[in-house]
Amino acid sequence: MAKVTNVLLVGVGGQGTILATRVLAGVLMQEGYDVKMSEVHGMSQRGGSVVTFVRYGDKVNSPLVEKATADLILAFEKLEALRYLPYLKPEGTLVVNDLAILPAPVLLGKAEYPYNALDILGQKVKDLVVVDAAKLAEEKTGNARTQNIVLLGALAKRLGIAPGTWEKAVSENVPPQTVDANLKAFWAGWDRGQV
Amino acid sequence: MKKLLSGDEAIARGAYEYGATFATAYPGTPSTEILENLIPYKEIYAEWSPNEKVALEVALGASLAGARTIVSMKHVGLNVAADPLFTAAYTGVNGGLVVVSADEPSLHSSQNEQDNRNIAPFAKIPMLEPSDSQEAKDLVGEAFRISEEFDTPVLLRITTRIAHAKGLVECHERQEVPLKEYKKDAAKYCMVPANAMKRRVFVEERTRRLAEFGETFPWSRIEWGDKAVGIITSGISYQYAKEVFGDKASYLKLTLTWPLPEKLIREFAAGVEKLYVIEELDPFLETHIKALGIPVVGKDIVPNMYELSADILRQKFFGGAPAPNPVAGVNVPPRPPVLCAGCPHRPVFYILKKLRVPVMGDIGCYGLGLQPPLEAVDTTVCMGASVGMAHGFQKASAWSGLSRKAVGVIGDSTFFHGGMPGLADMVFNKGGGVLVVLDNRTTAMTGHQPHPGTGITAKGEPTEEIKIEDVVRAMGVKDVAIVDSYDLKAVETALRHALEFDGPSVVICRRACALLKGLPNLGKAVINQEKCTQCHACLRTGCPALVSHPDGSVTIDPNACNGCFVCGQVCAFGAIEKAGGGERG
């Protein structure tokens, strides 16, 4: 069967994962791939855990990614990286934001946040890219809200698609007055995403 | 031109391309985006109806006027609309009428899991099931044609994984379809018993003709591959089956899944060695195929609950160990959804918990009031149930000589959807329950759709604003209070009064949803660490803007805080202060 590439974008409701996914999908369409993506709406928008599956290749059937088959995971938050790690294939790449957002049970003292998440990920993932996206976004654009595009930039470098295609998709998908800031954010992430 | 569209978006696009001029819906995940994506088309009238029964009735009227019409709802919404649907099956249509049921396997944001394919034989109407976004769009056109040719409403049944998954869709220009002429025809449209008796015969004959039509309906097709294994499937299950079996099996992909094409099924069954049915939820195809006397294996292997996936099929058909879990043994706390920072429901639940009164809940964001630390909601059943259940609880207690009250909580949109008849019942039957209307000025849960109380239509036009207080007074409720949800004292006083009052009471707790655009800036709350005793009383509000730190201190995330100042009212030490400007509105 023709090769299909599997990508997960995971994070917390309100972090901008959907916008990042839209940019990614736009790029993949431009490249002429068959693309399917899947997300679950609803209550996850109220600060819950959010996951989007993206699959692309010559011909895609299921919109869902199976466990241990993801080529890439882009995690907008550390705990969510741990939660979805079972989807990553052994030689897969994880790009993770060095950010902790405490879930309600932790805030209430009913559970503990795994503050050693990066250590665990370091042990389990062969190809790990840690990005302090908030810091990079502040430094390069003066706006922490562009950190989703910083993260996307770090992921983008792994996909082997021409930078111009990304620039176009970012410009088309963000509010017009934020295009410059988001392009700067994208390149900051791109530079951070080593190959 | 190709676009990346979700199934919902594709259905809206299909309605546009195939000449629909009329659309109705009541919002509900995963169906909401269908009408949302129809609203921008100037060629199509679109409305949010107060509930699904009304939505379908309005749609049926539009169809009789000759318009190609689409009405959409979630699976449980079709229960509400079942009454008009079952008789619309008898009256038939004039302009094509498509009824979309968006089912939710795995109940991601629903109160139950139900397989609405069962509705098609029950209501005796044809059903189409798309298996991706492209088909979702194309089948709207097929559904309109079938509806008009066979004089029937058509059920277009999708699931969450069709509704919310995106795929590439080839888009075309719109075909204008003029309204069909309307002819008065009481024998067809007045389903009094004598007429309905005759239409009953028509319905059976129509099903027979549709079954014949289904035999050569090109969207149902055989894909021959390896003939050792034959798979009959439909909808999203087709994609999972293809993913797992590839060309190592033959497929009968059914698209018109009611009535079923018997000859096509027999032809396929005869051509393969071992026959399986792969379908999500109920053994719908399996049962009907077995009834034809064709041996087939289905639910012996494929689970009958929750969403299906290629993962599950692989495991069930081929066994083997599941993929090793790299984080087995690692502490991964759950991240449940919460009431937003500044949510006006939070203070009301905070007081309800304090009053230790049974709270009959309803369907909406306020379902989240069941979670810690608020834990204020006792029940969640269906839209409108809060009122009837609060009435029943109080009435049964009173009947046995107990003066016990229950509080029903219902949102503003839900009040118009299913709450009004319950309240009429409470007044009519001399009940003494308390109804709290959590009026946040919108349908918040599904993404801020307007409703009859908002003074604005789906198309954004100003309209009459139906005032909930006027409605409840007109229904005969004498004890009505309106309070600001953010004012803890006012909420508590009003609720205590209502619980004492002899007779039905309504307390309207009013404050716009904190996520609505254009709200006044209320500033931020900050914690004065010198005054803070770390008693953690503020954390009992469950506001996600409050952050507790390992050293016991608490701070407020300024990016999350919406300035409701409920935490400040809870703090006994005056340690929570207003920061910066902002108005107390």
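The structure we're discussing is the one just above.
Scoring rules and cut-offs
- Residues numbered from 1 in each chain as written.
- Chains lettered and ligands numbered in written order.
- Predicted model: local features only at pLDDT ≥ 70, side-chain atom pairs only at ≥ 80, totals over all residues.
- Heavy atoms only, no water.
- Pairing = 2+ DSSP bridges.
- Helix = DSSP H or I, 4+ residues; strand = E, 2+ residues; numbered from the N terminus.
- Contact = heavy atoms within 4.5 Å.
- Axes fitted to C-alpha atoms, helices over the stretch in contact; angles between N-to-C directions.
- Buried area = accessible area lost by both parts, 1.4 Å probe.
- Salt bridge = Lys/Arg side-chain N within 4 Å of Asp/Glu carboxyl O.
- Polar contact = N/O pair within 3.5 Å; in protein donor to acceptor, adjacent residues only side chain to side chain.
- Nonpolar A, V, L, I, M, F, W, Y, C, P; charged D, E, K, R; others polar.
- 1 Å grid on protein atoms, 1.4 Å probe; cavity = no way out; pocket = protein on both sides within 12 Å on 5 of 7 lines; lining within 4 Å.
- Points joined across faces, edges and corners; volume = space filled by probe spheres on them.
- Buried < 20%, exposed > 50% of the residue type's maximum accessible area, 1.4 Å probe, protein only.

Novice: Kindly report on the sheet that holds strand β7 (residues 154–159) of chain B, identifying the contributing residues and their values.
Specialist: Residues and elements named next belong to chain B. Spatial strand order, β3-β2-β4-β5-β7-β6-β12: seven strands in an open sheet with mixed pairing. Lying at the two open borders of the sheet, with one neighbouring strand each, are β3 (45–48) and β12 (256–258). Bridging between strand β2 (residues 22–25) and strand β4 (residues 69–74) involves four bridges; their strand directions are parallel. Bridge pairing in β4 links alanine 23 to isoleucine 70. Contacting β2, β3, β4 and β5 (97–103), helix α3 (residues 52–64) crosses the sheet at an angle of about 170° to β4.

Novice: Any chance you could break down the interface of chain B and chain A for me, citing the residues and the numbers?
Specialist: Contact with chain B, which involves 52 residues of that partner, is made by 50 residues of chain A. Surface buried jointly by chain B and chain A totals about 4,400 Å² across both partners, of which 63% is contributed by carbon and sulfur atoms. Our enumeration of links across chain B and chain A arrives at four salt bridges. A:Glu77 serves as the salt-bridge partner of B:Arg335, at 3.0 Å between the closest nitrogen and oxygen. The interface formed by chain B and chain A holds 13 residue pairs in polar contact (both at pLDDT 80 or more) in total. Counting residues per element, the ones that place at least two in the side of chain B that touches chain A are β1 (2–6), β8 (165–170), α11 (235–245), α14 (310–318) and β20 (546–548) of chain B. Sorting elements by how many residues they give to the side of chain B that touches chain A places α11(B) first, with five residues. Here the side of chain B that touches chain A is built from residues that sort into 30 nonpolar, 11 polar and 11 charged. Across three bridges, strand β2 (residues 34–39) of chain A lies against β8(B) in antiparallel orientation. The partner of A:Lys36 across the bridge, within β8(B), is B:Gly167.

Novice: Provide a residue-level description of the environment of B:Gly342, including the pertinent values.
Specialist: Residues and elements named next belong to chain B. Tracing the backbone through its elements, the reader meets glycine 342 in the loop between α14 and α15 (345–355). Between the C-alpha atom of glycine 342 and that of arginine 221, which follows or precedes it by 121 residues, the distance is 53 Å. Apart from residues no more than four positions distant in its own chain, glycine 342 is found in contact with Tyr486, Ala514, Cys543, Asn562 and Cys564.

Novice: Quick rundown of the layout of surface pockets? Include the residues and the values.
Specialist: Residues and elements named next belong to chain B. Counted as a void, the second largest pocket has a volume near 720 Å³. In this structure, the second largest pocket is lined by 45 residues; those nearest its centre are Ser109, Gln111, Ile363, Gly364 and Met445. Those elements that place two or more of their residues in the lining of the second largest pocket are β4, α4 (75–80) and α17 (412–428). Counted by class, the lining of the second largest pocket contains 18 nonpolar, 23 polar and four charged residues.

Novice: Describe in detail the sheet that holds strand β10 (residues 229–234) of chain B, supporting the description with residues and values.
Specialist: All names here are of chain B. Strand order in the open sheet made by the four strands is β9-β11-β10-β13, with mixed pairing throughout. Pairing within the sheet leaves two strands with one partner each, and these edge strands are β9 (221–223) and β13 (274–278). For this sheet, the mean angle separating the axes of adjacent strands, direction not counted, is 20°. Strand direction decides the pairing type here: β9 and strand β11 (residues 250–254), joined by three bridges, are antiparallel. Looking across to β11, one finds that arginine 221 is bridged to lysine 253.

Novice: Provide a residue-level description of the side chain of B:Thr446, including the pertinent values.
Specialist: Residue position: B:Thr446 is located in the loop between β16 (434–439) and α18 (468–474). Every residue in contact with B:Thr446, bar those within four places of it in the chain, is listed here: B:Pro27, B:Gly28, B:Thr29, B:Thr32 and B:Glu36.

Novice: How would you summarise the pattern of salt bridges if you had to cite specific residues and measurements?
Specialist: Overall, the coordinates contain 45 salt bridges over all chains when judged by the stated rule. Of the charged contacts, one joins A:Asp71 and A:Lys3 as a salt bridge, the two residues approaching to 3.9 Å between their closest N and O atoms. Here A:Lys3 lies in the segment before β1 (4–12) and A:Asp71 lies in strand β4 (residues 70–75), a separation of 68 residues in the sequence. Between B:Lys353 and B:Glu375 there is a salt bridge whose closest N-O contact spans 3.6 Å.

Novice: So what about the side chain of B:His391? Which residues, and what values?
Specialist: Residues and elements named next belong to chain B. Mapping histidine 391 onto the fold places it in helix α16 (residues 385–399). Here histidine 391 falls in the buried class, since its relative accessible area comes to 7%. Setting aside residues up to four positions removed in sequence, histidine 391 forms contacts with Asp425, Met426, Asn429 and Gly431.

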